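Structural description and commentary
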Amino acid sequence: MNTDELIAADRLHLWHPFTQQQGWVDDEPPLIIESASGCRLTDTDGNSYIDGVSSLWCNVHGHRHPAIDQAVRDQLDRVAHTTMLGLSHPSAIRLAERLAALAPGDLNRVFYSDSGSTAVEIAIKMAFQYHAQNGEPQRKRFVRLREAYHGDTLGSVSVGGMELFHSIYRPLLFETLEAEPGDANDLARVLDEHGGEVAAVIVEPLVQGAAGMLLQPAGYLTEVRRLCDEHGILMIADEVATGFGRTGMMFACEHEAVEPDLMCVAKGLTGGYLPLAATLSSERIYQGFLGAHPEYRTFFHGHTYTGNPLACAAALATLDVFENEQTLDRVKASAALLGELLAAEVEPIASVGEIRRVGLMCGIELQGFEPERRSGHLVTLAARLRGVIVRPLGDVVVLMPPLSISETELRELVSTVAASIEAAAEPDAEQTLVKALAAAS
Ligand SMILES: *Cc1c(COP(=O)(O)O)cnc(C)c1O
């Protein structure tokens, strides 16, 4: 199929995530990515683009990294999939051992699943069941932060707080308690009132990603931990976006040496190669599920593809690359450069409001536009014309390049995004961009 045929078939048969299909079908032609290498994506017409959002926040060491490619091939030569229900396999075992060693505190038990959403579902069920069978069945409620995002399945939506995504489903969700983002006093208030009924508090440590990169003040996580301990509540850290070096440390909790009771990881776990997630639990929670068969203290949960061997092999290779390429040291340097470039090239633009960043996780807020204008979307179109892929969160332009991005690529990414923000601010930007995209394709 050539590009036009692919586009036609896409418009006939696909239903894209988080996408108003009417716009997808009527508006500018979709971009179809055929291959990639390092931090660059290539479309079916051979045009190349910088992957400015790590293929939705998950790529770590670049696309087609030789070591990860090889690890997946080697695993394919052994077996693609076997079950974790009643059986085990070497890649899952070795990966669990590595994750336990890397994770904070005594998060020593690794429960696999397939996505960030399922990792969160599992943490919720574990926290609930732990209390139910360890003498505190009244602890049934969960505290979430306003504007939180923990995934799209119903349990993870229940602990989410984004009205735009979540309000329509409210009748299907379980009730939760809400605290203000990054405000320890507000959390203390909620727990003073309801502490005795709460099973767990769930937070995205350091930064609420999907909310538009909302940063928490220094010391907030420490306070969440302290308040949870004070009230006998479990702390769930959703490190799905922040984990695997994104914030400059392996896990965001490490910035404040906080040890959660349950930790969810996904996105970067396989380097952005294959769907795999894990919920890590402390030894205490794990012990709370042990018992003789007739006691029914089993954790009744498991997906068909849980702990998929190909994905585990990709994850193991991803962790090796962190060591072999000193990725965390390099992220610190790239993050500092990103900060400088944003200050020099993006901050001075009139239509740019606040810039929020931690490590290589950044949101640029656009200001002064009507929401109907979809200025974030216009920046995306302008960037695409200039060879950069970004995807906004409303009026926040997200920059989240692979951790392996080179200095040259990072400079190109920031200057292109700056130019795109300026182009999107032109009064007739929409017509100009749509025309230019039609001409380019
Ligand atoms: C992306 C994300 C999720 C959901 O992960 P999926 O793999 O898309 O289900 C959960 N929590 C956070 C913080 C995320 O950024």
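Data block above holds the structure.
In what follows, the accompanying structure is described.

Conventions used here
- Residues numbered from 1 in each chain as written.
- Predicted model: local features only at pLDDT ≥ 70, side-chain atom pairs only at ≥ 80, totals over all residues.
- Heavy atoms only, no water.
- Disulfide = S-S within 2.5 Å.
- Buried < 20%, exposed > 50% of the residue type's maximum accessible area, 1.4 Å probe, protein only.
- Helix = DSSP H or I, 4+ residues; strand = E, 2+ residues; numbered from the N terminus.
- Expected span 1.5 Å × (residues − 1).
- Arc of directions from axis to C-beta.
- Patch = residues over 30% accessible without salt bridge, like charges linked within 9 Å, V, L, I, M, F, W, Y side chains within 5 Å.
- Areas by Shrake-Rupley, 256 points an atom, 1.4 Å probe, with all protein chains shown as cover.
- Salt bridge = Lys/Arg side-chain N within 4 Å of Asp/Glu carboxyl O.
- Pairing = 2+ DSSP bridges.
- Axes fitted to C-alpha atoms, helices over the stretch in contact; angles between N-to-C directions.
- Contact = heavy atoms within 4.5 Å.
- Polar contact = N/O pair within 3.5 Å; in protein donor to acceptor, adjacent residues only side chain to side chain.
- Phe/Tyr/Trp six-rings, centres within 6.5 Å; stacked < 30°, edge-to-face > 60°.
- Near = heavy atom within 4 Å.
- Nonpolar A, V, L, I, M, F, W, Y, C, P; charged D, E, K, R; others polar.
- 1 Å grid on protein atoms, 1.4 Å probe; cavity = no way out; pocket = protein on both sides within 12 Å on 5 of 7 lines; lining within 4 Å.
- Points joined across faces, edges and corners; volume = space filled by probe spheres on them.
- Domains from an automatic or database assignment.
- Parallel < 35°, antiparallel > 145°, perpendicular 65-115°, else oblique.
- Left-handed = near helix turned anticlockwise from the far one by under 90°.

Our next topic: the state of the cysteines. Counted under the stated rule, the structure contains zero disulfides. Cys 39 takes part in no disulfide bond, and the closest cysteine sulfur to it belongs to Cys 58, at a distance of 13 Å. Note on Cys 58: relative accessible area 15%, which makes it buried.

In this section: helix α16 (residues 429-440). Helix length check: α16 (12 residues) gives 16 Å between terminal C-alpha atoms against 16 Å at 1.5 Å per residue, within 8%. What α16 keeps buried is the set Ala 429, Leu 433 and Leu 437. For α16, the angular spread of buried residues about the axis comes to 55°, placing them on one side. Exposed residues pointing more than 90 degrees away from the buried face of α16 are listed as Gln 431, Lys 435 and Ala 439.

Turning our eyes to something else, we now look at a nonpolar patch on the surface. Among the surface-exposed residues, Leu 154, Ile 168, Tyr 169 and Leu 172 lie close enough to one another that they form a single nonpolar patch of about 430 Å² accessible area. With respect to the secondary-structure elements, Ile 168 resides in the loop between α8 (163-166) and β6 (177-179). Given a relative accessible area of 63%, Ile 168 falls into the exposed group.

Within a beta sheet, neighbouring strands are joined by backbone hydrogen bonds and run either parallel or antiparallel to one another. An order of β13-β14-β16 is seen for the three strands of this open sheet, with the pairing classed as antiparallel. For this open sheet the edge positions go to β13 (352-358) and β16 (396-399), each flanked by a neighbour on one side alone. Put simply, the sheet's adjacent strands are angled 15° from each other on average, direction ignored. Where β13 meets strand β14 (residues 361-366), five bridges bridge the pair, whose relative direction is antiparallel. Note that in β14 the partner of Ile 355 across the bridge is Ile 364.

As for its position among the elements, Glu 354 is in strand β13. Along the primary structure Glu 354 and Gln 367 are separated by 13 residues, whereas in three dimensions their C-alpha atoms are 8.6 Å apart. When sequence neighbours within four positions are dropped, the list of residues in contact with Glu 354 reads Gly 363, Ile 364 and Glu 365. Among the polar contacts listed, one links the side chain of Glu 354 to the side chain of Arg 356, at a separation of 2.6 Å.

All buried positions along helix α1 (residues 3-13) are accounted for by Thr 3, Ile 7 and Asp 10. Taken end-on, α1 shows its buried residues confined to a sector of 60°, consistent with a single buried face. Relative to its buried face, α1 has exposed residues pointing more than 90 degrees away, namely Asp 4, Leu 12 and His 13. Near the N-terminus of α1, the side chain that reaches the backbone nitrogen of Asp 4, with its oxygen 3.1 Å away, is that of Asn 2.

It is worth spelling out the packing of aromatic side chains at this point. Geometry of an aromatic ring pair is reported as the spacing of the ring centres plus the angle between the planes. Per the counting criterion, the structure on display carries four aromatic pairs. Between Phe 111 and Phe 299 the ring centres are 5.2 Å apart and the planes differ by 80°, which places this aromatic pair in the edge-to-face class. Here Phe 111 is found in strand β4 (residues 107-113), whereas its partner Phe 299 is found in the loop between α11 (283-287) and α12 (309-324), with 188 residues between them in sequence. Its relative accessible area of 13% is what places Phe 299 among the buried residues. Note on Phe 289 and Phe 299: the rings are 5.8 Å apart at their centroids and 90° apart in plane angle, and the pair reads as edge-to-face. With Phe 289 in the loop between α11 and α12 and Phe 299 in the loop between α11 and α12, this pair connects stretches of sequence that are 10 residues apart. For the pair formed by Phe 289 and Phe 299, the shared burial category is buried. Taken together, the ring pairs connect Phe 111, Phe 289 and Phe 299 into an aromatic cluster.

Turning our attention to the site of the ligand. Taken together, Trp 57, Ser 115, Gly 116, Ser 117, Tyr 149, His 150, Gly 151, Glu 204, Asp 238, Val 240, Ala 241 and Lys 267 make up the full set of residues near the ligand. Take Gly 116: an N or O atom from its main chain is 2.8 Å from an oxygen atom of the ligand. Taken by itself the ligand offers 380 Å² of open surface, and the protein chains cover 83% of this. Class assignment for the residues of the shell around the ligand results in four nonpolar, five polar and three charged.

Attention now moves to empty space enclosed by the protein. Here the structure, examined in full by the defined rule, presents one cavity of 30 Å³ or more. The volume enclosed by the largest cavity comes to roughly 50 Å³. Forming the walls of the largest cavity are Trp 57, Cys 58, Asn 59, Val 60, Val 240, Ala 241, Gly 243, Phe 244, Arg 246, Lys 267 and Gly 268. Taken together, the residues of the lining of the largest cavity sort by class into six nonpolar, three polar and two charged. Each of two domains, domain 1 (31-61 + 326-440) and domain 2 (67-324), supplies a minimum of three residues to the lining of the largest cavity.

Where helix α9 (residues 184-194) meets helix α10 (residues 220-231), the closest approach of the two axes is 10 Å, and the angle between their N-to-C directions is 15°. The angle between α9 and α10 falls in the class roughly parallel. Crossing of α9 over α10 shows right-handed handedness. Where α9 approaches α10, its residues Ala 184, Leu 187, Ala 188, Leu 191 and Asp 192 are matched on the opposing element by Tyr 220, Glu 223, Val 224, Leu 227 and His 231. In terms of residue class, the contact of α9 with α10 is made up of seven nonpolar, one polar and two charged.

Everything listed here is a matter of geometry and, on its own, says nothing about what the molecule does.
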